[in-house]
Every structure is written in structure tokens, then in C-alpha cells.
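Remarks on the overall topology
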Amino acid sequence: QVQLVESGGGLVQIGGSLRLSCTASGRTFSSIAMGWFRQAPGKEREFVAGISRNGYTTFSSDSVKGRFTISRDNAENTVYLQMNSLKPEDTAFYYCAASLGGLGSSPRQYNYWGQGTQVTFSS
């Protein structure tokens, strides 16, 4: 089992920045690819960004490309999502996920999920 705990969500400003963190335990972190997804109320879960186990390969959805950056620190068992130039449509509950079989953009490719962290906008 892989346990994932997100943090860093909270109140942000439109056009502002926020960094989400996800810390993993229960398995060697460097052996798993990681991804970030988000889900607004009543909407389907949406892929945001993914990163390979060594951090060398990353990709993100078109909706966040150029604004969001995914990274990882394997020494800290943590993956990050740096969010810049935030827009109202970025409002959502953000989840990190772990993949035992490599990164991808489909939720079906991820084996473990955190409980999520809420990103709420002040305007």
C-alpha cells in the first residue's frame, strides 16, 4: 500500500500562486510515478500533471501548461504542484496519485490516491 497525504491547499487570489505538496509513505517513493488531478463539484476528475519516478519526464494538461509545474523530491518522498497565474477555473479539489506502472493522464493508470486538498479563491 501507498499512503498519500496532500497539503498546501487553501485560499488564493486570482492571478496568485500556490504550491501543493503530497508526501508518500508505505513504499519506496523513487519507484513510483506521481500525478496530480483535480475535481470541481459535480465534475469529472481531470488530469493536471504527471511526473516520472526519477523526475526527468513531466507533462501537464493544456489547461494548465505554462502556469503549473510538477516536481518531486525523492529524498523527502514528496511531489509538488507549483501553481502560478491562477484562474477562477482552477478552483477544485486537488488530488495526488501514485502509479506503479508509469505515468499517464488517465485516472485508471493510478493505483493509489490521497484524500485531496481544496483550492479556494478569494475573488
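Structure first, text after, so check above.
The structure contained in this document is the topic of the report that follows. Everything quoted here is computed from the prediction, not taken from an experiment.

This part takes up the state of the cysteines. For the coordinates displayed, the defined rule picks out 1 disulfide. Here C22 is linked by a disulfide to C96, with a sulfur-sulfur distance of 1.9 Å. Linking C22 and C96, the disulfide has an S-S dihedral of approximately 45° and is accordingly described as right-handed. With C22 in strand β3 (residues 18–25) and C96 in strand β9 (residues 92–99), the pair connects residues that are 74 residues apart, well separated along the chain. Given the relative accessible area of 0%, C22 is considered buried. We classify C96 as buried; its relative accessible area is 0%.

So, on to the nonpolar core. By size, the foremost hydrophobic cluster in this structure holds 28 residues, and its most contacted members are L4, M34, W36, L81, M83 and Y94. Listed by contribution, the elements that provide at least two residues to this core are β3, β4 (33–39), β5 (46–51), β7 (68–73), β8 (78–83), β9 and β11 (117–121).

Bringing the packing of aromatic side chains into the picture now. Tallied over the full model, the rule gives 6 aromatic pairs. Above the plane of the ring of Y95 lies R45, whose end atom (NZ or CZ) is 4.0 Å from the centre.

We now examine the pairing of β5. Counted residue by residue, β5 has 5 buried out of 6 residues, so it is predominantly covered. In sequence, β4 turns back onto β5 through a hairpin of 6 residues, with G42 there showing a positive phi of about 75°. In terms of strand pairing, β5 meets strand β6 (residues 58–60) through 3 bridges, oriented antiparallel. Within β6, the residue paired with I51 across the bridge is T58. Here β5 folds back onto β6, and the loop between the two strands holds 6 residues, one of which, G55, carries a positive phi near 85°.

Another aspect to go through is the environment of G66. When you line up the elements, G66 lands in the loop between β6 and β7. Sequence separation of G66 and K43 is 23 residues, and the distance between their C-alpha atoms is 23 Å.

This part takes up the pattern of salt bridges. Note on pairing: side chains with opposite charge can pair once their charged atoms come close. A full pass over the atoms with the stated rule returns 4 salt bridges. R38 serves as the salt-bridge partner of D90, at 2.8 Å between the closest nitrogen and oxygen. One end of the pair, D90, is in the loop between β8 and β9; the other, R38, is in strand β4, and 52 residues separate them in sequence. Summarising the burial analysis for this pair, D90 and R38 share the class buried. The partner of R67 in a salt bridge is D90, with the nearest N and O atoms 2.7 Å apart. Highlighted residues: R67 in the loop between β6 and β7 and D90 in the loop between β8 and β9, separated in sequence by 23 residues. Owing to a relative accessible area of 9%, R67 belongs among the buried residues under this scheme.

Rules behind the numbers
Starting from 1, residues in each chain are numbered consecutively following that chain's sequence as written. Only residues with pLDDT of at least 70 are given local features in this predicted model, and only at 80 or more are side-chain atom pairs given and counted; all residues enter the totals for whole chains, interfaces and linings. The basis for the side-chain values is all heavy atoms of the structure; hydrogens and waters are excluded. Pairs of cysteine sulfur atoms within 2.5 Å are what we label disulfides. Numbering of helices and strands runs from the N terminus; a helix is a DSSP stretch of H or I covering at least four residues, while a strand is a stretch of E covering at least two. The classification of residues rests on relative accessible area computed with a 1.4 Å probe and restricted to protein chains. Under 20% of the type maximum is buried, over 50% is exposed, and intermediate values are partly exposed. The set of buried Ala, Val, Leu, Ile, Met, Phe, Trp, Tyr and Cys residues whose side-chain atoms join them within 4.5 Å is what this entry labels a nonpolar core. Classification of ring pairs rests on two measures: the distance between centres of Phe, Tyr or Trp rings, Trp counted by its six-membered ring, which must be within 6.5 Å, and the angle between planes, read as stacked under 30 degrees, edge-to-face over 60 and tilted in between. By the criterion adopted, a ring carries a charge over it if an Arg CZ or a Lys NZ lies within 6 Å of its centre and within 35 degrees of its normal. At least two DSSP bridges between two strands are required for those strands to pair. The working definition used for a salt bridge is a side-chain nitrogen of Lys or Arg within 4 Å of a carboxyl oxygen of Asp or Glu.

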